[in-house]
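Observations on the three-dimensional arrangement
So the chains spell out like this:
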Amino acid sequence: MTRLSVNVNKVALLRNTRTIGIPSVTRAAQICIDSGAYGITVHPRPDQRHVRPSDVYELSALVSDVEFNIEGNPFETGYLEIVRSVKPTQCTLVPDTPDAFTSDHGWDLSKDGDRLKPIIQELKALGSRVSLFMDYDSDEIPRAALVGADRIELYTEPYADAFREEEDLEAVFEGYAGAAAIAQDAGLGVNAGHDLNLENLGRFCSIPGVLEVSIGHALIGEALEMGLANTVKAYLDILAKT
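The text that follows walks through the structure, step by step, so that each part is easy to find. Model, not experiment: these values are computed from the prediction.

**Description of the overall build of the protein chain**
Along the backbone of the protein chain there are eleven helices and eight strands. C-alpha atoms of the protein chain, sized along the principal axes, occupy 45 × 40 × 30 Å. Looking at the protein chain as a whole, 52% of its 242 residues are labelled buried. Across the protein chain, the fraction of contacts at a sequence separation of at least 24, relative to all contacts at a separation of at least 6, is 65%. Working note: accessible area of the protein chain is about 10,800 Å², and carbon and sulfur atoms make up 50% of it. Mean positive and mean negative side-chain charge positions of the protein chain (21 and 37 charges, respectively) differ by 7 Å.

**Some remarks on the sheet that holds strand β6 (residues 151–155)**
Picture the strands of a sheet paired through backbone hydrogen bonds; they go either parallel or antiparallel. Here eight strands make up a closed barrel; going around it, the order is β1-β2-β3-β4-β5-β6-β7-β8 and the pairing parallel. Ignoring strand direction, the axes of neighbouring strands in this sheet form an average angle of 25°. Summarising the sheet, strand β2 (residues 39–42) and strand β3 (residues 67–72) pair through four bridges and their orientation is parallel. Along β3, the bridge assignment pairs valine 42 with isoleucine 70.

**Looking at unusual backbone geometry**
Residue proline 23 is bonded to the preceding isoleucine 22 through a cis peptide linkage, with omega at -5°. Take proline 23: it is sitting in the loop between α1 (9–15) and α2 (25–34). Even without being a glycine, glutamine 48 presents a positive backbone phi close to 60°. The phi angle at glutamate 166 is positive, at roughly 50°, despite the residue not being glycine. Relative to the helices and strands, glutamate 166 resides in the loop between α7 (157–165) and α8 (169–185). Glutamate 166 gets classed as exposed once you look at its relative accessible area, which sits at 71%.

**Focus on the packing of aromatic side chains**
A complete count under the given rule lists seven aromatic pairs for this structure. Summarising the aromatic geometry, the rings of phenylalanine 133 and tyrosine 155 are spaced 5.4 Å apart at their centres and angled 55° between planes, so their arrangement reads as tilted. Of this pair, phenylalanine 133 sits in strand β5 (residues 129–134) while tyrosine 155 sits in strand β6, and the two are 22 residues apart along the sequence. On the basis of relative accessible area, phenylalanine 133 is assigned to the buried category, the value being 3%. Among the aromatic residues, ring-to-ring pairing joins Tyr136, Tyr159, Phe163, Tyr176 and Phe204 into one connected group. Directly above the aromatic system of phenylalanine 75 lies the positively charged group of arginine 115, at a separation of 3.8 Å from the ring centroid.

**What to know about the pattern of salt bridges**
In the structure shown here, the tally under the stated rule is eleven salt bridges. Arginine 84 is the salt-bridge partner of glutamate 122, the closest N and O atoms lying 2.6 Å from each other. Of the two residues, glutamate 122 is situated in helix α5 (residues 109–125) and arginine 84 in helix α4 (residues 79–86); the sequence distance between them amounts to 38 residues. Between lysine 124 and aspartate 150 there is a salt bridge, with its nearest N and O atoms 3.5 Å apart. Taken as a pair, lysine 124 in helix α5 and aspartate 150 in the loop between α6 (141–146) and β6 lie far apart in primary sequence, 26 residues in all. You can call lysine 124 partly exposed: its relative accessible area is 37%. Residues participating in the shared-partner salt-bridge network are Glu67, Arg129, Arg151 and Glu212.

**Quick word on the packing of α2 against helix α3 (residues 53–62)**
Look at α2 against α3: their axes get within 10 Å of each other, and the N-to-C directions meet at 30°. Considering the relative orientation of α2 and α3, their crossing is right-handed. Two secondary-structure elements touch here, α2 through Val25, Thr26, Ala29, Gln30 and Ile33 and α3 through Asp55, Glu58, Leu59 and Leu62. Taken together, the residues of the contact of α2 with α3 sort by class into five nonpolar, two polar and two charged.

Cut-offs used in this document
Residues numbered from 1 in each chain as written. Predicted model: local features only at pLDDT ≥ 70, side-chain atom pairs only at ≥ 80, totals over all residues. Heavy atoms only, no water. Helix = DSSP H or I, 4+ residues; strand = E, 2+ residues; numbered from the N terminus. Buried < 20%, exposed > 50% of the residue type's maximum accessible area, 1.4 Å probe, protein only. Contact = heavy atoms within 4.5 Å. Areas by Shrake-Rupley, 256 points an atom, 1.4 Å probe, with all protein chains shown as cover. Lys, Arg positive; Asp, Glu negative; His and termini not counted. Charge placed at Lys NZ, Arg CZ, Asp CG, Glu CD. Pairing = 2+ DSSP bridges. Axes fitted to C-alpha atoms, helices over the stretch in contact; angles between N-to-C directions. Phe/Tyr/Trp six-rings, centres within 6.5 Å; stacked < 30°, edge-to-face > 60°. Lys NZ or Arg CZ within 6 Å of the ring centre and 35° of its normal. Salt bridge = Lys/Arg side-chain N within 4 Å of Asp/Glu carboxyl O. Left-handed = near helix turned anticlockwise from the far one by under 90°. Nonpolar A, V, L, I, M, F, W, Y, C, P; charged D, E, K, R; others polar.

Fair warning: the whole summary comes from geometry, so function is off the table for now.
Written out as structure tokens, the structure reads:
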């Protein structure tokens, strides 16, 4: 069964529009954990428009019995300081610039691989698993293993777009299945995330060997209609059937 890690960034985004601490990021994370989520994901961006460093430190105590996945660009200010202190279960490294609207592409390892290698070594020495955000059509997926990563996270927006628009879905899906197989042949675990939702998740997770999905935006949006606990359980029901 593919595991679910809930990204609580959008809870923080709503909280940050006021100064009264509502909704609570830690409370939302606890509801997700109590509802069966395998882990909690955060992406503390340098501009602090979503989860802030203080949230990460508060969550680190709460998530001691589940996986804590911290996303971020290790070349930008603040990320390494946070993970050195928290020592999360997993560090998912993404190539976002500080002004990025959202994560929208994977690593170019021919350009950044040499810089990433010592950082990956340090993070693994801290006891964290390291996953690299990668495009499904990149020919550099095996190189992720060569720079020391344990896993890749396949960037799934192209799949979500194809699913929604019903255009080239089969070809795109087969591309993701092929990318997962290439990663596994290179000794890498496979995670996935970005724009996965209750409609498209089941098909995607029929790809063999997908270990974990990180879902935030859609899950929080669906929770406005269904309730957070019910939404987490709905995702888990889909994963249990794949």
